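Overview (structure and organization)
Residues per chain are reported as follows:
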Amino acid sequence: MALRSWKDLVFLISSLVFGLLLHRTFADSNNDYPAGADKLKIGAKPVTGVMTSSNQNDYYKFKVKTSVKYIIDLRHSSNDRNIDMWLYRGCDNAQGTDHCEVSDVIEVGSRDWGDNEQITFVAGFSGTVHLQVFANAYDRDTPYSLRVSVDDNDFPRDADSLKLGDKPITGLASWDDNEYYKFKVKKSRKYIIDMRYHHLFPTPEDADLSMILYRGCEEADGEECGDVGQFIESSQRSGDNNEQIGFIAENSETVWLHIWGAYDMGDDSIPYTIRAFEAKNDSPRSAIQLDVGVSSDFQLDDDLPVPTPDAIPGSIMSAFDNDWYKFEAVKDNTYIIDLIYEGGAGWYLEMQLENNCGKTACDLLKWAHARTQFYEQIEYKATKTETVWVKVFSFGGIPSDPDNAGDYTIHVRWGNNERNIAAPIYVGWAPVTATVNEEHDELWYTFSAQQGTTYIIKANFPNPPSTALEIALKDSSTTSEVGSCTAKTSTLTQCRYTATTTEQMWIYIHCGGAPYYPCAELLTLQLSACSQAPDDNDDPTQAEAIVVNGKSHSGEASEKDEDWFSFSAKQGTSYTITLKLNKGSEGDLDLGLYQGCSSEECDDELAISGEDGGEEVIEWDAAETETLWVKVYSVNDPCPIKYKIKIEGQDPPCSYQCPDFSVPKKDCVEKFKQCECQGGYKANNEEETCEACDFETCPLYSVRKTQCVTNAGKHCKCLPSTKMECTAAGDCECKPCDTFQCGDFASIKEGVQCVTKFKHCECEPGYKKKDGECVPK
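Everything numeric here is computed off the predicted structure, so don't read it as measured data. (Residues numbered from 1 in each chain as written. Predicted model: local features only at pLDDT ≥ 70, side-chain atom pairs only at ≥ 80, totals over all residues. Heavy atoms only, no water.)

Concerning the overall build of the chain
- Across its full length, the chain carries three helices and 61 strands.
- Counting over 777 residues, the chain shows a buried share of 47%.
- Across the chain, contacts joining residues at least 24 apart in sequence account for 71% of those joining residues at least 6 apart.
- Total accessible area on the chain is roughly 39200 Å²; 47% of this is exposed by carbon and sulfur atoms. (Helix = DSSP H or I, 4+ residues; strand = E, 2+ residues; numbered from the N terminus. Buried < 20%, exposed > 50% of the residue type's maximum accessible area, 1.4 Å probe, protein only. Contact = heavy atoms within 4.5 Å. Areas by Shrake-Rupley, 256 points an atom, 1.4 Å probe, with all protein chains shown as cover.)

Written as structure tokens, this is what we have:
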């Protein structure tokens, strides 16, 4: 069965690495029984779930067709716990809490222990099948991933196409399951086929994959390539976890690759990755880039080296064939280059390390020709930062037999497995990737510490590390440990050290597991440094005032630098204090709310927020009107952490009290804008007060026209029958101005200030004007 894209590698590999971060794909489903089984889509991305106890069942279902071969693959992230699965038919009518009957079992996948289960079966009917996933002897939560696919490349006619140079694609192979691929080659060009897989059994000898390359399989219908095609090359290593074929194409044509289980492994399948590419690195100008990788020595299997997973495959075809590689060597760093192959009598591979490669020649640095017939090794300490080249070749020629003659893998790694060749690490560098994967393996890094500076070393692990892994800081005494290293989370170990003098420091990583519990850890290591600059609000007496519902305040805090703030709390108001780390900031800050901080100490601690992560929140209902204090601090972060803090207040409904010299505009008052200042006072919206604003007073027999009186002549209005008169000095008074009497049955017209004639009067109802008086109508 072939999984056709690199993304499917998530199912076979990455889902195990990152499984602890995954949630259920069907988070809201209830698939504890067949009646609620989740649907599996054949060939789709893996479905994820979590086993929480030994009493849990997860049910899935999918439709099958007669005579089609299916593979169900289950992966989980624990090697010392087991998840099983059983496949049933005839569960369509299950109701409620009914389970499938044991008598309806089609196939089971129940290995005693391990991190995967597989079921391979050929459907003898068309219909719906149910899959039960359950825990066996489980005592902790463990995520799993599940996928069902059709095995459809069993014959040359159904071969999947390999795209040369593309990322590896993944598949599953077993003893009775053939896998076929095909790709096009061009005459006289060199090609490399690289297959990697992992043993899934307690004894590696019980499982092995092999591959054979053919031409001329176009006419194969239901036949194997071995029946109709022509053999080109094969790879049949025993007890290894990779297979490799290197060949030079005799013609421009299509070739077929056959993969199968080399031994009878029963119904078990082995996941693998396969990749083919054209090897064009026959000169320094076309050299393949080598990435500096793991730091530990290669493993030995029956005294033969086993290539590391990230080793690059290659093949030497003759004494005239050279392969070139290159990498960037940094001054004072030590590098180890491993060339691993299976040699034979009378022939061997060699390699040279060179620099200053121009158009025609290079300068020789080192030559490895120990002629061990299975590996060569170069250890090199760079005297300057430069590009160096590695040349792989053979002086003895390459025989046509045995299989894999001339095939090799090459890898460059840090040589910092001893204190005296520790790799330098610098503040601000991107994380350095390293691996410890053997018992008692060691990694060493070194840096120059400056007096008074605090250094932080963070070791991040994709998976929780083994308890046998040790990380320590050492000074020049070679034996003592300094600073402290603490497991901050299950995947993060942090060391810190404040230098008391300027000196050289070492980071020591040691894998000291017992044989039954070995370390096999991938980690990234990063060094940072800081020094603390004190600020002004380090105690309650220097607290910075915060306006409620105002702007956020920024700050920096650490375990040696706490920040204090204060605000005015009003009785009955509910307050929310929010602390957020700035984008890009790392660490953990806490919040405290205090009362009665008249000195450097406070009377009462009202509330604490000590959550992990980048946000803290305190909610508090004020029982009285008073000043409260807020403290921002860190328990164990020595470097300043940047943050923002904001205080918001929410009053109860209709509880706002209008300030002095004001009255409510409405019955329910919730804010200052719903209050109206009295005459002679104006609103200060920021302070929410009414401030005096009169600079003059209105004269006798007058009233104010405006809120504030600063000019009596303009801002005051005389009462009816009086008129405003002002002197040049600005003194104003209201003087009588009526010179006419309206008479009987009459009154002054509305809006008339001074009555000087009969037209300023109006008659009462039932009367009319006639000859200067009001008479009955």
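From this point, the narrative continues.
Remarks on the layout of surface pockets
- Size it by volume and the second largest pocket reaches roughly 800 Å³.
- K458, Q494, E586, G587 and D637 are, among the 27 residues lining the second largest pocket, the residues nearest its centre.
- Listed by contribution, the elements that provide at least two residues to the lining of the second largest pocket are strand 34 (454-460), strand 37 (484-489), strand 38 (492-498), strand 40 (521-530) and strand 49 (641-650).
- For the lining of the second largest pocket, a count of residues per class yields eight nonpolar, 11 polar and eight charged. (1 Å grid on protein atoms, 1.4 Å probe; cavity = no way out; pocket = protein on both sides within 12 Å on 5 of 7 lines; lining within 4 Å. Points joined across faces, edges and corners; volume = space filled by probe spheres on them. Nonpolar A, V, L, I, M, F, W, Y, C, P; charged D, E, K, R; others polar.)

As for the state of the cysteines
- Applying the stated rule across the entire model yields 16 disulfides.
- Two residues share a disulfide in this structure: C217 and C225, whose sulfurs sit 2.1 Å from each other.
- Take C217: its relative accessible area is 2%, and that puts it in the buried class.
- For C225, a relative accessible area of 0% gives the class buried.
- Between the sulfur atoms of C693 and its disulfide partner C708 the distance amounts to 1.8 Å. Across the disulfide from C693 to C708, rotation about the S-S bond amounts to roughly -90°, and the bridge is consequently left-handed. Of this pair, C693 sits in the loop between strand 53 (689-692) and strand 54 (702-704) while C708 sits in the loop between strand 54 and helix 3 (712-715), placing them 15 residues apart in sequence. Across the pair, C708 and C693 agree in class, each one buried. (Disulfide = S-S within 2.5 Å.)

Points about the pattern of salt bridges
- Under the defined criterion, the tally for this structure stands at 16 salt bridges.
- Put simply, R413 and D338 hold a salt bridge, and the shortest N to O gap is 2.6 Å. Taken together, the residues span a long stretch of sequence, with R413 in strand 30 (residues 407-414) and D338 in strand 25 (residues 334-341) at a distance of 75 residues. In this structure, R413 and D338 share a single accessibility class: buried. (Salt bridge = Lys/Arg side-chain N within 4 Å of Asp/Glu carboxyl O.)

Comments concerning a negative patch on the surface
- A cluster of acidic residues, E686, E687, E688 and E691, forms a negative patch on the protein surface.
- As for its position among the elements, E691 is in strand 53.
- Residue E691 is classed as partly exposed on the basis of its relative accessible area of 33%. (Patch = residues over 30% accessible without salt bridge, like charges linked within 9 Å, V, L, I, M, F, W, Y side chains within 5 Å. Lys, Arg positive; Asp, Glu negative; His and termini not counted. Charge placed at Lys NZ, Arg CZ, Asp CG, Glu CD.)

Digging into unusual backbone geometry
- With phi around 70°, S188 is a residue other than glycine that occupies positive phi space.
- What makes S188 exposed here is its relative accessible area of 55%.
- Here the phi dihedral of N549 falls at roughly 65°; this positive angle occurs in a residue that is not glycine.
- Mapped onto the fold, N549 is located in the loop between strand 41 (544-545) and strand 42 (553-557).

Quick notes on the confidence of the model for the chain
- Chain-level statistics for the chain give a pLDDT mean of 81 and a share of 83% at 70 or above.
- Segment residues 294-305 is flagged for pLDDT under 50; beyond a separation of four residues in sequence, or across chains, it makes 42 contacts in the model. (pLDDT = per-residue confidence, 0-100.)

Re the packing of aromatic side chains
- Evaluation of the coordinates by the stated rule reveals 15 aromatic pairs.
- Between F567 and Y575, the ring centres sit 5.2 Å apart and the planes meet at 55°, which makes this aromatic pair tilted. Here the two residues F567 and Y575 agree in accessibility, since each one is buried.
- Pairing F745 with Y767 gives two aromatic rings, centres 4.3 Å apart and planes at 10°, and the pair type is stacked. Taken together, the residues F745 in the loop between strand 57 (732-736) and strand 58 (746-748) and Y767 in strand 60 (residues 767-770) connect sequence positions 22 residues apart.
- When its relative accessible area of 22% is taken as the criterion, Y767 is described as partly exposed. (Phe/Tyr/Trp six-rings, centres within 6.5 Å; stacked < 30°, edge-to-face > 60°.)

Describing the environment of A692
- Here A692 is to be found in strand 53.
- For the pair A692 and G680, spaced 12 residues apart in the sequence, the C-alpha separation amounts to 5.8 Å.
- Look past the residues within four positions of A692 in its chain and what remains in contact with it is G680 and Y681.

Some words on a nonpolar patch on the surface
- A contiguous nonpolar surface patch, about 400 Å² in accessible area, is contributed by L700, Y701, V703 and L719.
- The topology assignment puts Y701 in the loop between strand 53 and strand 54.
- Classification of Y701 by relative accessible area gives partly exposed; the value is 48%.

Overview of the sheet that holds strand 24 (residues 323-329)
- Reading across from one edge, 20-24-29-26-27 is the order of the five strands in this open sheet, with mixed pairing throughout. The two strands at the open ends of the sheet, each matched to only one other strand, are strand 20 (288-289) and strand 27 (363-368).
- With seven bridges joining them, strand 24 and strand 29 (residues 386-393) adopt antiparallel strand pairing. Pairing of W324 across the sheet is with K391, part of strand 29. (Pairing = 2+ DSSP bridges.)

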